[in-house]
Amino acid sequence: MIGNDVLRQVVAQKNAIDVKNVLIDQYPDAGVLGEDDCLKILASCVSAENYELVLSIFASLFSPSEAAGSFDSENTFEWPRRRESLSAEVVKLLCRNLETKTALEILDIIRHRGVQSSEDIHFGFVVDCPDGRGRPLALMQPHEGSKVVPDSYSKYEYEIFSGRVVRSDSESLVSTLSWLKQIGFQLGRMPTAALHTMTIEAPSGQQRTFKFGTPLSSAPAKVGDRVSLVCSPEQGKSSRQSMRYSGILTPSPPGTRPGEPLSITNHTVGGSTDLNRPVDTNDTLPGLKWLVPALVFFVGVDAASSIINPLYPMLFAGMVGSSALALSLGSNVVLPNLKKLPDSSLGLQETRQGLLQEHVRLTSNMQQLMVETVADVRMLARLWQLLGKMNSMEHHKAYTSRIERVVEAKDAMENRLEARISMIHEYAKVLSMIEIEVEMETDIPLAEYQDIQRELSRLSEIENLQEEWQAKVEAQDEVEKLLRSYSSDDL
C-alpha cells in the first residue's frame with residue numbers, strides 16, 4: 001500500500017511520467033501497480049484539485065508505453081490494465097467535487113481509448129453507396145483523393161473523388177421551370193430542384209469540376225466542406241489492376257455515363273445526397289425531340305405498307321414490338337448481368353463493407369450513449385451540490401426526508417453511470433478492433449474475423465441487458481421532479 005508521505009509527493013507532480021518516477025524511486029520492485037493503489041492516487045489528486053494530473057494519469061492507463069518515457073529496461077513498473085472499474089470511480093469522484101469538465105474529458109479518453117488523432121491522421125471518412133440505402137461503400141483515408149472500388153452489394157465498380165470544396169455555384173430551377181417542364185423532369189428518377197457546379201480539390205492538389213442536379217434547392221455542401229463524390233468510373237479505370245475494361249461490358253453501373261456523379265457524402269456536416277443528371281432547361285420535355293419524328297416515321301411506314309399489302313402494317317407492328325421487347329430485355333436484364341463482377345473477386349470487399357456497416361452502427365450507438373452519459377454526469381454533480389446545500393443549513397435535520405430522497409436518487413444515478421461507462425468501454429474496444437482490420441488493407445485472417453464476431457455477439461447481449469438496468473435505474477424522471485420541487489424552496 002502506498003503511504004501518505006508518498007501520496008503527498010505524488011499529488012505535487014505535474015504529469016504521469018513524474019508520478020511514475022516517484023513511485024519507481026520509492027518502490028523499485030513494485031511491478032504492476034494495483035488497482036486500489038491507483039485509485040488511491042487518483043482520489044488524492046481529485047481531493048487536491050490537481051485535475052491536470054488526473055487526466056495525465058488516466059490517459060497513461062490506455063497508453064502506458066507513451067506515458068512511461070525513458071526508463072531503465074530492467075524496471076518492470078506498469079500501470080494497471082483493467083480500466084473499467086477505475087473509470088467509473090474516477091468520474092464519480094469528479095462529480096462529487098463538481099468538476100464536470102474533467103469528468104467529460106475522462107469520458108472522451110475512454111471513447112477514443114487514449115489514442116490521439118489529428119485532422120490528417122484518423123480512421124478516415126466512410127462513403128455511402130449511391131443506392132440510397134445508407135450502406136457504406138468504402139473508407140477514404142484523409143490523404144486519399146481518388147480511387148475505384150467495387151461494391152459487393154451491386155457487384156459494380158464506382159469511382160470516389162474526395163477532397164474539399166473550393167468553389168460552388170447553384171441555380172434554382174423551381175421558380176424558372178414551367179409546369180410542363182416540371183412534369184417532364186418528374187418522369188425521371190427524382191425531380192431536379194437545383195443545378196450545382198462544384199470544384200473539388202483533392203489532398204494532392206488535383207481539382208475536378210462536377211455538375212449535377214439535386215432534388216432539393218439547397219446545396220449539399222459549401223466551400224470548405226470535406227466531401228466525397230461517388231461517380232461512374234471513367235473509361236479505362238478499374239479497381240482490378242490486372243484488368244482493363246472498355247466498351248459496354250465495363251463493370252460500371254447500368255444506365256450511367258463515364259465520370260457521371262451519382263451521390264455526394266458530406267463528411268463535415270454528415271449526410272449523403274443522391275444526385276441527378278443535370279437537365280437541359282431549354283427542353284420542354286426530355287425526349288420530345290425524337291418522339292415526334294418517330295411518330296411521323298411509323299405513320300408513314302404504316303400508310304405505305306397498307307397500299308402494298310393490308311397485312312403488312314400488322315406484321316410491321318409485330319416486328320417493332322418484338323424488337324422493342326428484345327432491346328428492353330437486353331439493356332435491362334442481360335447487359336447488367338454481364339457487366340457484374342465475379343463473386344470470386346468480391347470476398348475481401350464484402351467483408352470490409354460488412355465491418356464498415358457494423359462500424360457505422362456502433363458509432364451511432366456510441367454517440368447516443370455519450371449524450372446520455374454526459375447528461376448523467378451533469379445531473380450527478382447537481383445532486384451532490386444539492387446535498388451540500390441541504391447539509392449546510394443551520395436546521396439541516398428538517399431536511400432529513402428530502403436528503404434521503406436525494407441520496408437515493410444519487411445512488412441510482414451512480415449505478416446507471418457505471419453501467420453506461422462500462423458500455424462505452426465495450427463500444428470503444430470493438431470499434432478499435434474493426435478499425436484495425438479495415439485499415440490493414442489486406443486479407444482479414446479468419447481468427448481475427450471470428451474474434452470480432454464474438455465481440456459483436458457479446459456486445460449485442462450487453463445491449464439487450466440495457467433495458468433491464470434501464471428499467472431498474474429510472475432515476476432521471478425522479479431527479480427532475482425532485483429538482484423542480486426544490487426550485488421554489490430557499491435552500
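Moving on: the overall build of the protein. Secondary structure assignment for the protein yields 14 helices and 9 strands. Here the protein holds 491 residues, and the buried ones make up 40% of them. Accessible area for the protein stands at about 26600 Å²; split by element, carbon and sulfur atoms hold 53% of it.

Turning our attention to the pairing of strand β1 (residues 125–128). Side chains of β1 alternate between two faces, with F125 and V127 and V126 and D128 buried alike. Examined bridge by bridge, β1 and strand β2 (residues 136–140) share 4 bridges and lie antiparallel to one another. Each residue of the ladder has a partner; that of V126, found in β2, is L139.

This next bit is on the nonpolar core. In terms of nonpolar packing, the biggest core is built from 74 residues, with L23, I41, I57, W79, V91, I106 and L107 touching the most fellow members. Contact partners of L107, with chain neighbours within four places excluded, come to V91, M370, T373, V374, V377, I421 and I424. Ranked by size, the runner-up nonpolar core spans 13 residues in total, among them V165, F210, I264 and L275.

Further remarks concern the packing of helix α4 (residues 51–62) against helix α7 (residues 100–112). At their nearest, the axes of α4 and α7 sit 10 Å apart, and the two run at 15° to each other. As summarised for this structure, α4 and α7 are arranged roughly parallel, according to the angle between their axes. Considering how the two elements wind past one another, α4 and α7 form a crossing that is right-handed. Residues Y51, V54, L55, F58, A59 and F62 of α4 pack against T102, E105, I106, I109 and I110 of α7.

What the rule picks out here adds up to 18 salt bridges. The salt bridge partner of E358 is R361, with a shortest N-O separation of 2.9 Å. Placement of both E358 and R361 in helix α11 (residues 347–391) is noted, with a separation of 3 residues, approximately one turn of the helix. Judged by its relative accessible area of 25%, E358 falls in the partly exposed class. Across the pair R420 and D376 runs a salt bridge whose closest N-O atoms are separated by 2.5 Å. Note that R420 is positioned in helix α12 (residues 400–439) and D376 in helix α11, a separation of 44 residues in sequence. Residues R420 and D376 agree in their burial class; the two are buried.

Calculation notes
Residues numbered from 1 in each chain as written. Predicted model: local features only at pLDDT ≥ 70, side-chain atom pairs only at ≥ 80, totals over all residues. Heavy atoms only, no water. Helix = DSSP H or I, 4+ residues; strand = E, 2+ residues; numbered from the N terminus. Buried < 20%, exposed > 50% of the residue type's maximum accessible area, 1.4 Å probe, protein only. Areas by Shrake-Rupley, 256 points an atom, 1.4 Å probe, with all protein chains shown as cover. Pairing = 2+ DSSP bridges. Core = buried A, V, L, I, M, F, W, Y, C linked by side-chain atoms within 4.5 Å. Contact = heavy atoms within 4.5 Å. Axes fitted to C-alpha atoms, helices over the stretch in contact; angles between N-to-C directions. Parallel < 35°, antiparallel > 145°, perpendicular 65-115°, else oblique. Left-handed = near helix turned anticlockwise from the far one by under 90°. Salt bridge = Lys/Arg side-chain N within 4 Å of Asp/Glu carboxyl O.

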